[in-house]
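# What the coordinates show
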Amino acid sequence: MRKITDKNEIKNFLCEHRIDNLNIAGYMHNHPDECNIWVNDGDTVRGLVLYGEETKYYIINCYDDDFIKEAVRDIFDGKEVFFSGVRKELADKLMLLGKSRKTTDIEDSCYLYYYPYKSVEGLSKNVRPLRIEDAPVIDYFYTYRSSGSLDAIKRDIQRRPGVGLELDGELVAWTLVHPDNSNGILYVKPFFRGSNLGTEVGKALTQAVIDRGDIPFVHIVNGNDASVHITEKMGFRFGYNVVWFECDFSK
């Protein structure tokens, strides 16, 4: 494996497998100078590994079992690694090459949905951009709230599009863009559900991502039928299954 600095080396690989590389291309877009990228030795790129300096996670995509073994040998060996949004078939193979997972490990199996169109119809005029002062409320209701989630949400709001909707001065619905460019944290306060507000903020954010020249996509935890319903209602199409997980490659 070799580390690269010239992103043109992986341009063809990203284009040929555009939907499978949405989170890798998204992270590169949002952090052009804050990511590390490795490819296989040789002239033909068979896959790539990205490490995000902001998030401290790895993303991998390839179509070659030898590439996976090389990545474990040259990059992951001796480490406890957190992987983000890896296609399930790759995640399964990586788990087999790592140690048995501990009870403290994190694993979330998700559906990846992407938006295949060039624009969004029926946009609401009631939404507004998220502001940094909205972050504590968003963090309070966040499913994955942690000691670092408030700072992460603030960075999301400052660096990428975010959309909120107010009623009588109260922020009641919101969604934003994660570091890997996925739409996320779509939430409607319980009292205000059933009024289509989730769809309104979701559509507005989707258009904002399109306006940046990107393909909107989202990771939905398996079993979250409400989010699947909203996402499909907005016109998103199912792509494939992905996994967020930890894997221990230490000896």
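Notes on the structure in this doc start here. All values reported here derive from a predicted model rather than from experimental measurement.

## Description of the packing of aromatic side chains
Counted by the stated rule, this structure contains 22 aromatic pairs. Ring centres of Y140 and F141 lie 5.1 Å apart, and the angle between their planes is 85°; on these two criteria the pair is classed as edge-to-face. Ring centres of F141 and W174 lie 5.9 Å apart, and the angle between their planes is 50°; this geometry places the pair in the tilted category. One end of the pair, F141, is in the loop between α5 (135-140) and α6 (149-159); the other, W174, is in strand β9 (residues 170-177), with 33 residues separating them in the sequence. Cluster of aromatic residues (ring-pair linked, three or more members): W38, Y51, Y58, F76, F83, F245 and F249.

## Some remarks on the pattern of salt bridges
In the structure shown here, the tally under the stated rule is 19 salt bridges. Among the salt bridges present, the one from E9 reaches R2, with a minimum N-O distance of 2.9 Å. On the basis of relative accessible area, E9 is assigned to the partly exposed category, the value being 34%. With a shortest N-O distance of 3.4 Å, E166 and R131 are connected by a salt bridge. With E166 in strand β8 (residues 162-167) and R131 in the loop between β7 (127-129) and α5, the pair connects residues that are 35 residues apart, well separated along the chain. Residue R131 is classed as partly exposed on the basis of its relative accessible area, which comes to 37%. Within this structure, R128, R131, E133, D134 and E166 form a network of salt bridges that share partners.

Parameters and conventions
Residues numbered from 1 in each chain as written. Predicted model: local features only at pLDDT ≥ 70, side-chain atom pairs only at ≥ 80, totals over all residues. Heavy atoms only, no water. Phe/Tyr/Trp six-rings, centres within 6.5 Å; stacked < 30°, edge-to-face > 60°. Helix = DSSP H or I, 4+ residues; strand = E, 2+ residues; numbered from the N terminus. Salt bridge = Lys/Arg side-chain N within 4 Å of Asp/Glu carboxyl O. Buried < 20%, exposed > 50% of the residue type's maximum accessible area, 1.4 Å probe, protein only.

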